[in-house]
Protein chains: 2
Amino acid sequence: MAGRAVRQERADATRGAILAAAERLFAERGVYAVSNRQVSEAAGQGNNAAVGYHFGTKADLVRAIARQHAEQVERLRLRMLGEVGDSTDVRDWVAALVRPVLEHLAELPSPTWYARFCAQVMTDPALHEIMTDESLASPALRRTVEGFNRCLPELPIEVHIERGAMARHLILHMCAERERALAENTATPRSSWHDAATGLIDGIVGLWLAPVTR
Amino acid sequence: MAGRAVRQERADATRGAILAAAERLFAERGVYAVSNRQVSEAAGQGNNAAVGYHFGTKADLVRAIARQHAEQVERLRLRMLGEVGDSTDVRDWVAALVRPVLEHLAELPSPTWYARFCAQVMTDPALHEIMTDESLASPALRRTVEGFNRCLPELPIEVHIERGAMARHLILHMCAERERALAENTATPRSSWHDAATGLIDGIVGLWLAPVTR
DNA sequence: TTTTAAATCAGTCGCTTGACTTAAGTATGG
DNA sequence: CCATACTTAAGTCAAGCGACTGATTTAAAA
């Protein structure tokens, strides 16, 4: 009964070590530039096949890392969704999109690698899909997007899609850039993740409300 | 005299083949996931050391690719700069920032790999610097940024830096995404690079003119 | 206690890597 | 017409790769 838990605990510790090591190495060097051997070693495993044993393919490992974080972000976004309620202010909904992600990064022990990891994963066509799958599986995200669409002024469909992509890129790469700067101890325009989120929200709202050239 | 040119021509053809092959492979798989051997083979070279012979390190090869394109973009931007003149409309200057890049992509034979190549390069801290060096070496870009700053409403310095970064990310990754979609024959929100540029300019202008939360 | 199975370790396999060396081919300049 | 210098080809080398195998440890179940 409680016995099984002990063995599980040991395995979970190893799994966790592999996840953490992989996230860091993938973020710094790129997913396909890092071998499973290097991940195993960085996780303190004598066995060079530890990754294969616990996760299978490299894509499975990437999915596991993504899911771990997605769960945390989901938790934060649900809370935020409660605060937003049924607001009709575009800014509130953009905040519900942005803030949970940056709050999550702020909560993580420093230095963080998650944003850079995401940026690396999103550049690969195959892995890209894994990432979007894990994100779109989130009910809170879906509800946020719906609420956002309700109070957004009417836009041509192609502009709507286009600006959605712009907002995604903005969140992803501004986070990755800030994270990199923090890791390398170089200057950042904002002194906290919270302030960075505010600036990001300002920009994204401006982007969505910009007039459309026809 | 004319003799030397023939040998040079042969070498230039090989160099060109290597540049083209490297750009494609780097864009698709990432710079460090592709070996010099693979580049040499893809360029039709029997010699597995052809890359080393013609370019030296992988960073030198990346720089050569970046420079090649930067020259074309420079040419287009200079022309655009003439049209903009001394306009005081923010939009004109954003257009001078954006249009040359997308015009260059439109001029290249399809499919293109340059935008994805840039996106890959920018994710690596070491290569990142090579790319920015090649870009900032452009006088036309510098003049454009200056002209832009002259007609932009006053912003806190940190917001200015922040939004500059946002605009950069937007241009880079929207181009890469569109390029990927074209290569994979999936849907794109806009039917031409020119229209994509218009949408991008709309968004970036909105971003810069957005009110600042204090 | 003994048995069982999960988890880890240790090592092998064929293959590819970057760095390097050597040889062959070729237009030029003497 | 030949020697030179530049370019390409071909192959070697240790190191590292993923995939795989069998042995060992360890806690659970019998």
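Since we're looking at a predicted model, the values are computed, not measured.

(A) Expanded view of the interface of chain B and chain A. Taken together, the contact pairs 37 residues of chain B with 37 residues of chain A. Summing both sides of the interface, chain B and chain A together bury roughly 3100 Å²; the carbon and sulfur share of this comes to 58%. The interface formed by chain B and chain A holds four salt bridges in total. In this structure, B:Glu162 engages A:Arg190 in a salt bridge whose closest nitrogen and oxygen atoms are separated by 2.8 Å. If you look at where chain B meets chain A, you find 11 residue pairs in polar contact (both at pLDDT 80 or more). Those elements that place two or more of their residues in the side of chain B that touches chain A are α6 (114–123), α9 (157–184) and α10 (193–209) of chain B.

(B) View of the UniProt feature "domain: PsrA tetracyclin repressor-like C-terminal" (unreviewed entry) in chain A. Using the residue numbers shown here, the UniProt feature "domain: PsrA tetracyclin repressor-like C-terminal" (unreviewed entry) corresponds to residues 96–202 of chain A. This span, residues 96–202 of chain A, is 79% helix and 0% strand, and a straight line between its end C-alpha atoms measures 13 Å.

(C) Just the relation of the copies chain B and chain A, in detail. In the superposition of chain B on chain A (RMSD 0.0 Å, axial shift 0.0 Å), the rotation amounts to 180 degrees. Accordingly, the operation relating the two chain copies is best matched by a two-fold axis. Most of the interface of chain B is mirrored in chain A, where 100% of its interface residues are also at the interface.

(D) Broad picture of the nonpolar core. Within the largest apolar cluster, 134 residues are counted, with the highest numbers of intra-cluster contacts made by A:Phe26, A:Val98 and B:Phe26. Once you skip the residues sitting within four places of it in the chain, A:Val98 turns out to touch A:Ile171, A:Ala197, A:Leu200, A:Ile201 and A:Ile204.

(E) Main features of the UniProt feature "domain: HTH tetR-type" (unreviewed entry) in chain A. When the UniProt feature table is mapped to this numbering, "domain: HTH tetR-type" (unreviewed entry) covers residues 18–65 of chain A. The distance from the first to the last C-alpha atom of residues 18–65 of chain A is 10 Å, and the span holds 69% helix and 0% strand.

(F) Spotlight on the pattern of salt bridges. Per the stated rule, a full pass over the model turns up 20 salt bridges over all chains. Of the charged contacts in the structure, one is a salt bridge between B:Arg116 and B:Glu179, with a shortest N-O distance of 2.8 Å. Here the residue B:Arg116 occupies a position in helix α6, and B:Glu179 occupies one in helix α9, the gap between them amounting to 63 residues. Under the relative-accessibility criterion, B:Arg116 is labelled buried at 7%. Residue classification places B:Glu179 among the buried residues on the basis of a relative accessible area of 1%. Several salt bridges share partner residues, and in doing so they unite A:Arg63, A:Arg67, A:Asp133 and A:Glu134 into one network.

(G) Inspection of the environment of B:Val98 at higher detail. Along the polypeptide, B:Val98 turns up in helix α5 (residues 90–107). Sequence spacing of B:Val98 and B:Leu172 is 74 residues, and the spatial spacing of their C-alpha atoms is 9.8 Å.

(H) Inspection of the packing of aromatic side chains at higher detail. In total, this model carries three aromatic pairs over all chains according to the counting rule given. Here the aromatic rings of A:Phe148 and A:Trp208 are separated by 4.9 Å at their centres, their planes lie at 70 degrees, and the arrangement is edge-to-face. Note that A:Phe148 is positioned in helix α8 (residues 139–151) and A:Trp208 in helix α10 (residues 193–209), a separation of 60 residues in sequence. With respect to class, A:Phe148 is no different from A:Trp208; both count as buried. Ring centres of B:Phe26 and B:Phe117 lie 6.5 Å apart, and the angle between their planes is 15 degrees; on these two criteria the pair is classed as stacked. Placement of B:Phe26 in helix α1 (residues 2–29) and of B:Phe117 in helix α6 is noted, with a sequence separation of 91 residues between them.

(I) Region of the structure containing the packing of helix α9 (residues 157–184) of chain A against α10(B). The N-to-C vectors of α9(A) and α10(B) enclose an angle of 55 degrees; their axes lie 11 Å apart at closest approach. The pairing of α9(A) with α10(B) is recorded here as oblique in orientation. α10(B) is crossed by α9(A), and the crossing has right-handed handedness. Mapping the contact onto sequence places A:Glu162, A:Arg163, A:Met166 and A:Leu170 in α9(A) and B:Ala196, B:Gly199, B:Leu200, B:Asp202, B:Gly203 and B:Leu207 in α10(B). In terms of residue class, the contact of α9(A) with α10(B) is built from five nonpolar, two polar and three charged.

Calculation rules
Residue numbering note: each chain is counted from 1, following its sequence as written. Going through the entries in the order they are written, you letter the chains from A and number the ligands from 1. Only residues with pLDDT of 70 or above have their local features reported here, since the model is predicted, and side-chain atom pairs are shown and tallied only from 80 upward, although totals for entire chains, interfaces and linings are computed over all residues. Derived side-chain values reflect all non-hydrogen atoms in the structure, with water molecules and hydrogen atoms excluded from consideration. By definition, residues are in contact when any of their heavy atoms lie within 4.5 Å. Take the accessible area each of two parts loses on contact, using a 1.4 Å probe, and add the two losses: that sum is the buried area. By definition here, a salt bridge exists when the distance from a side-chain nitrogen of Lys or Arg to a carboxyl oxygen of Asp or Glu is within 4 Å. Distance and chemistry together define a polar contact, namely a pair of N or O atoms within 3.5 Å, with one atom able to donate a hydrogen and the other to accept it when in protein, and with adjacent residues in sequence counting only for side-chain atoms on both sides. The way it works is that DSSP assigns letters per residue, a run of H or I at least four long becomes a helix, a run of E at least two long becomes a strand, and they are numbered from the N terminus. UniProt positions are given in the numbering used here, feature names are shortened, and annotations may be inferred rather than shown by experiment. Copies overlap after least-squares fitting; the atoms used are the C-alpha atoms of residues with pLDDT of at least 70 in both. Each nonpolar core is a collection of buried residues, namely Ala, Val, Leu, Ile, Met, Phe, Trp, Tyr and Cys, held together in the definition by side-chain atoms within 4.5 Å. Residue burial is assigned from relative accessible area. The probe radius is 1.4 Å, only protein chains are included, and a residue is buried under 20% of its type maximum, exposed over 50%, and partly exposed in between. For this analysis, a ring pair means two rings from Phe, Tyr or Trp (six-membered ring only for Trp) whose centres lie within 6.5 Å, classed as stacked if their planes differ by under 30 degrees, edge-to-face if by over 60, and tilted for the remaining angles. Axis angles are defined between N-to-C directions and span 0 to 180 degrees, where every axis is a line fitted to C-alpha atoms and, for a helix, only to the segment in contact. The scheme is simple: roughly parallel for angles under 35 degrees, roughly antiparallel for over 145, roughly perpendicular for 65 to 115, oblique for anything else. Less than a right angle of anticlockwise turn of the near helix away from the far helix marks a crossing as left-handed, whereas a clockwise turn marks it as right-handed. Polarity classes work like this: nonpolar for Ala, Val, Leu, Ile, Met, Phe, Trp, Tyr, Cys and Pro, charged for Asp, Glu, Lys and Arg, and polar for all others, with Gly in that last group.

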